[in-house]
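Single-letter residue listing:
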Amino acid sequence: MMSGTSAGRSNYSTGEVGHAALAVAESRSLEALGESCHREMGKLMGSPTVGLYLLDDHKPSLVYSKQAPEGFIREYSDEFDKYDPLLAYIFEKGRPVDGSTVVGTSGWQHCNNFQLLRRWGFKHCMAGPLLVEGRVVGVVYTANGGERGPYRAEAVDSMDILCRAGSLALATMVETGRLGGAPIGWIAQSSVASRHERTIGGAYALNQLPARSREVALLLCRGQSNKQIARALGISAYTVKDHVGKLCQRLHAHNRTELVQRLLTTH
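Residues numbered from 1 in each chain as written. Predicted model: local features only at pLDDT ≥ 70, side-chain atom pairs only at ≥ 80, totals over all residues. Heavy atoms only, no water.

Draft legend 1. Broad picture of the pairing of strand β4 (residues 122–132). Judged by how many residues are buried, β4 sits mostly within the fold: nine of 11 residues are covered. Looking at chain direction, strand β3 (residues 97–98) and β4 are connected through two bridges and run antiparallel. In the sheet register, valine 97 faces β4, and the bridge partner there is alanine 127. Looking at chain direction, β4 and strand β5 (residues 135–145) are connected through 10 bridges and run antiparallel. What sits directly across from methionine 126, in β5, is threonine 142. Counting the residues that bridge the hairpin from β4 to β5 gives two residues, and of these glutamate 133 lies at a positive phi of roughly 55°. (Buried < 20%, exposed > 50% of the residue type's maximum accessible area, 1.4 Å probe, protein only. Helix = DSSP H or I, 4+ residues; strand = E, 2+ residues; numbered from the N terminus. Pairing = 2+ DSSP bridges.)

See the structure below:
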């Protein structure tokens, strides 16, 4: 972990964020999703702890946690029944936020969430949404401690990309029935393509792409290789490679990891 007055690193390379997004998008189980979020957030932001929640009637249900004491999880879950400013912001805005941003630095220090975090050795918290069919169906939390300050804007932006990648992974789990015993009352019935398009649709509008290129882009952001995409679409791997090359040209990306980042980034 890193020390200093601000949380996380000040600069992330395109390759690092792209690789992190692909790693998260490739998750095919809730445990794998939690592990990949923990690993990649640790690399990019230096955050030591992660909690992954799915929502059942708007109430978070913990499905994965790492480096978080059971007592802390129990107390933090109790706060959900009262008021969590981060969760309220996510429901309203549908994007990641840290505590200091949502209620202000002074307000955060007087917030129940901050007091609880401090009792357990943490200091600042950030959360981001997981979406299916444009609805918030899950939340990823991470927290830091020690002498770290609030999360930088770069960290929040990276959280946004990782949550979009996580949303794609979650939509794939819905599609393939790999959610196990998780709360599933929120699962949407519309097309899988619609779920993915609503999740991406960031730096470059997918409806501006030719139909086949759009299909390739969707599968690429789900972490599939050229061979896997070729099998799914019934085309050759060489054709997929050609589509990826043209997508890179359109979005001014130098490689597939940078392409994924551009597809997942919101402007």
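Draft legend 2. Molecular detail of empty space enclosed by the protein. Counted under the stated rule, the structure contains one cavity of 30 Å³ or more. Within this model, the largest cavity holds a volume of roughly 120 Å³. For the largest cavity, the lining is made up of 14 residues, of which Val50, Gly51, Tyr53, Phe72 and Tyr141 are closest to its centre. Elements supplying a minimum of two residues to the lining of the largest cavity: β1 (49–56), α3 (70–80) and β5. The biggest single contributor to the lining of the largest cavity is β1, with four residues. Residues belonging to the lining of the largest cavity are distributed by class as follows: 10 nonpolar, four polar and no charged. (1 Å grid on protein atoms, 1.4 Å probe; cavity = no way out; pocket = protein on both sides within 12 Å on 5 of 7 lines; lining within 4 Å. Points joined across faces, edges and corners; volume = space filled by probe spheres on them. Nonpolar A, V, L, I, M, F, W, Y, C, P; charged D, E, K, R; others polar.)

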